[in-house]
Amino acid sequence: MLPAPLLNTMAALLTLAIFSFLYKDNAFYKFAEYLFVGIAAGYVVALEYHNVIIPNLWRPLLAGDFKLLVPFVLGVLLFSRFTSSFGWLSRWAIGLMVGTFSGLAIIGFAQGDLVAQVQANMLPLKTETLLGTFSNWVILIGLLTSLVYFFFSKEHKGVLGASAKLGIWFLMVSFGASYGFTVMARFSLLIGRLLFLLVDWPASFGFHWLH
Amino acid sequence: MEKLDRRYIFLVILLVVLVPLIAPVGLPVRVSREVQSAYDAVAGVPDGSKVYFAADYDPSTMPELHPMALATLDHLFSKNCKVIGACLWPGGPPLLEDALRRIGELRFGKKYGVDFVNLGYKPGNEVVMVSVGRSIPATFPADFYGTPIEKLEIMKGVENLDDVSMIVNISAGYPGTKEWVQQVQSRYHVSIASGCTAVSAPEYYPYFQSGQLAGLLGGLSGAAEYEKLVGKPGTATRGMDAQSLGHLVIIAFIILGNIFYFASKKKAP
C-alpha cells in the first residue's frame, strides 16, 4: 500500500482539480472526473465479486447447495441482452427482480408509510399545553389543505380554492425547509474537503498547524 | 447585478467557510429534541447488548455522516455494546472499518470479532433488509475479510434482528432510513435511530413524529449535537461555525437577490 503522505497528496490534488471547475472547465477537472468514474466502476465490480459471488454463490455451490444454480442461471441470462437474438431471455431475470422489488415496495409503503402515517396524524385537537394544541391544529390544517391542493376533480374556486391556496403556503414552507437543509448539506461537503486540505493533508507529513 | 460573475459568489462562500475553520468563533450548539431522543434511545439499550450498525453511506457524504458514525459508536462502545456493522452502499465498508477501528479498537480497546465486526457490503437494498430480519448468517455468510461468520465470537447466538437491541442507521439516501423503516421497523418492530444527510432529513421527520424512528440526527448539526451529548467534540463541532456563518451569507444573498429583482422589475417599462 502507498504511504499515507503520498495517498493524501493525491487526494488533495484531485480535490483541487475538482474545485478548479468553479473557475472554469479545464483539463485537470476532466482528468479527475474520468479517473473517478473509472475507479468507481472497477471498485464496484471487484466488490460484487468478492462480497457476493464468492461468499453467497461460489462457496455454497462448492459445498453442494445446488438450489443456488437457479439464481446463477438467472444472473447469467441477464448477459443475453448483449445479443439481439437471445436478448429476450434476460426478461425472465428482470421480471423476477421487478416483481420482487415492486412487492416489497408496496408492502413497505403500506405498512411503513400509509397506515403508520395516517395513524400518527390522528392527533388530539385539545392537549394539556397550549403549544401542543396549536401544533396539532397546524399539522391538521396543513395536512388537509395540502391534500386539497392535489384534488383536481373540481375547479379550485370558493372554499376549495381558498383551502388549496393555503395548502400552497404550507407546501412552500416545506420546500423552504428542504432548501435550507440542502444548503446545510452542501456546506458540510465543502467544510469536509477544506478540513481535509487544512488539517489531514498537512498532518500526514507531521505538520499540525491547526488545532 | 444580473451580470454578476458567479465566481465572486464562490469566492465569498469560500472565505466565509475558510476563516472560521482557521480561527473558530465558538458559536454555541443547542441540542434538538430529535437528537436528544436518539441519544436517549442508545442510552436505553442494555449495557453489553448487541446492536446492528447499518452504515449506508459512502465517501460522497462522509463529511456529514462519518462524524455521526464516530459519535454514535463512541456512545455504544462506552456502554460495552457489541456492534455488528454492515453496509448497503458499495463504498461503505472502508468507512465503517475506519469508524469501528478508530473508536472501538483505538479509543476503547475493543477486539475485532469479539466486540465488533464489519460484515461488509451486500447488494439488494430492501431484499437484504428483509433477509437480515430473517437470518443474518444467511445474508452475510462471511465478514468484510472473508472470514465465515460462524467463526466470529460476536455472531454466536445471533440469528436475526430479534437478537439485537436496536438498529443505528447512518443513511446517505437510497437505500437507507426510509427503507429500514418501511421494511424492517414496520415488520420486525425493532427500534431504529437514524443519522442522515441534511438533504434527506425533512423526508424522515414524519417518521420521527410518528414514533417509527427513535431519534434523528440531521446533517452536520445533528452530528455536532450528538458529539456535544457524548462530550467528545469532533469534526462536526469544528465545522459548525463555518456552517452557521455560511448560512448567514446565503440568507443575505437571498435577501439581496430579491431586492435587486424587485428593483429591476420596477424599472422595467
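What counts, and at which threshold
- Residues numbered from 1 in each chain as written.
- Chains lettered and ligands numbered in written order.
- Predicted model: local features only at pLDDT ≥ 70, side-chain atom pairs only at ≥ 80, totals over all residues.
- Helix = DSSP H or I, 4+ residues; strand = E, 2+ residues; numbered from the N terminus.
- Buried ≥ 20, exposed ≤ 12 C-beta atoms within 10 Å, placed from the backbone.
- Contact = placed C-beta atoms within 7 Å.
- Axes fitted to C-alpha atoms, helices over the stretch in contact; angles between N-to-C directions.
- Parallel < 35°, antiparallel > 145°, perpendicular 65-115°, else oblique.
- Left-handed = near helix turned anticlockwise from the far one by under 90°.
- Nonpolar A, V, L, I, M, F, W, Y, C, P; charged D, E, K, R; others polar.
- Expected span 1.5 Å × (residues − 1).
- Bend = angle between axes of the 7 residues up to and from the residue.
- Pairing = 2+ DSSP bridges.
- Right-handed = clockwise from strand over helix to strand, strands pointing away.

Novice: Mind showing me how you'd approach the overall build of chain B here?
Specialist: From N to C terminus, chain B includes 10 helices and 6 strands. The principal-axis extent of the C-alpha atoms belonging to chain B is close to 75 × 40 × 35 Å. Considering chain B as a whole, with its 269 residues, one finds that 50% of them fall into the buried category. For chain B, restricting intrachain contacts to residue pairs at least 6 apart in sequence, the fraction spanning at least 24 positions comes to 72%.

Novice: What is the right way to look at the packing of helix α5 (residues 130–149) of chain A against helix α6 (residues 158–203) of chain A in this model?
Specialist: For any two helices packed against each other, one specifies the crossing angle of their axes together with the interaxial distance. Residue and element names in this part refer to chain A. Packing of α5 against α6 brings their axes to within 7 Å, and their N-to-C directions diverge by 110°. Here α6 runs roughly perpendicular to α5, going by the angle between their axes. Crossing handedness for the pair α5 and α6: left-handed. Only Leu160, Ser163, Ala164, Leu166, Gly167, Ile168, Phe170 and Leu171 of α6 make contact with α5, whose side of the interface consists of Gly142, Thr145, Ser146, Val148 and Tyr149. Of the residues in the contact of α5 with α6, the class split is 8 nonpolar, 5 polar and no charged.

Novice: It is not clear to me how the packing of α6(A) against helix α1 (residues 6–22) of chain B should be interpreted in this structure. Could you clarify?
Specialist: In the contact formed by α6(A) and α1(B), the axes pass within 10 Å of each other and the chain directions differ by 50°. When the interaxial angle is binned, α6(A) and α1(B) end up oblique. The way α6(A) lies across α1(B) gives a crossing that is right-handed. Contact residues: α6(A) offers Phe187(A), Leu190(A), Ile191(A), Leu194(A), Leu195(A) and Leu198(A), while α1(B) offers Val17(B), Leu18(B) and Leu21(B). A per-class count over the contact of α6(A) with α1(B) returns 9 nonpolar, no polar and no charged.

Novice: Can you help me understand the interface of chain A and chain B in this one?
Specialist: Interfaces are often sized by the amount of accessible area the parts lose when they come together. With 39 residues of chain A at the interface, the matching set in chain B holds 47 residues. Mapped by element, the contributors of at least two residues to the side of chain A that touches chain B are α2 (27–62), α4 (90–120) and α6 of chain A. Looking at the side of chain A that touches chain B element by element, the count peaks at 17 residues for α6(A). Here the residues of the side of chain A that touches chain B are counted per class, giving 25 nonpolar, 12 polar and 2 charged.

Novice: Sorry if this is basic, but what is going on with the environment of Trp58(A) here?
Specialist: Residues and elements named next belong to chain A. Within the secondary structure layout, Trp58 lies in helix α2. Residue Trp58 is classed as partly exposed on the basis of its C-beta count, with 14 C-beta atoms lying within 10 Å. As a C-alpha pair, Trp58 and Met122 span 64 residues in sequence and 51 Å in three-dimensional space.

Novice: It is not clear to me how α2(A) should be interpreted in this structure. Could you clarify?
Specialist: It helps to recall that an α-helix has 3.6 residues per turn; residues three or four apart then point in one direction. All names here are of chain A. Between the first and last C-alpha of α2 there are 49 Å, a value that for 36 residues agrees with the 52 Å anticipated at 1.5 Å per step. Along α2, the helix axis deviates most sharply at Ile54, where the bend reaches about 50°; the proline Pro55 sits within four residues downstream. In the stretch just after α2, Gly64 is the one whose phi turns positive, near 100°.

Novice: Looking at this model, I keep getting lost on unusual backbone geometry. Mind explaining?
Specialist: If a residue is not glycine, its phi is most likely negative; likewise, a peptide bond is most likely trans. Residues and elements named next belong to chain B. Here the residue pair Tyr174 and Pro175 is connected by a cis peptide bond, since its omega of -10° sits within 30 degrees of zero. Relative to the assigned elements, Pro175 resides in the loop between β4 (166–171) and α7 (177–188). One non-glycine residue, Asn80, adopts positive backbone phi at about 60°. Here Asn80 lies in the loop between α3 (62–78) and β2 (82–87). Even without a glycine there, the phi angle at Asn125 is positive, about 45°. Inspection of the secondary structure assignment puts Asn125 in the loop between β3 (116–121) and α5 (126–134).

Novice: Before we go on, may I ask you to explain the pairing of β2(B) in this structure?
Specialist: Strand residues, when the strand is regular, have side chains that alternate between the two faces of the sheet. Residues and elements named next belong to chain B. Across the 6 residues that make up β2, a large majority, 6, are buried. Neither face of β2 is open: one carries Lys82, Ile84 and Ala86, the other Val83, Gly85 and Cys87, and all of them are buried. Bridge analysis of strand β1 (residues 50–56) against β2 gives 5 bridges, and the strand direction is parallel. Its bridge partner lying in β2, Ala54 is registered against Ala86. Handedness of the crossover is the feature at issue here: the chain leaves β1, passes through α3, returns alongside β2, and the resulting connection is right-handed. The pairing of β2 with β3 spans 4 bridges and is parallel. Paired with Cys87 across the bridge in β3 is Tyr121. Once you follow β2 into helix α4 (residues 92–107) and on to β3, the crossover reads as right-handed.

Novice: Just to check I follow, could you spell out the pairing of β1(B) for this structure?
Specialist: Residue and element names in this part refer to chain B. Across the 7 residues of β1, 6 count as buried, placing the element largely inside the fold. Where β1 meets β4, 6 bridges bridge the pair, whose relative direction is parallel. If you follow Val51 over to β4, its bridge partner there is Met166.

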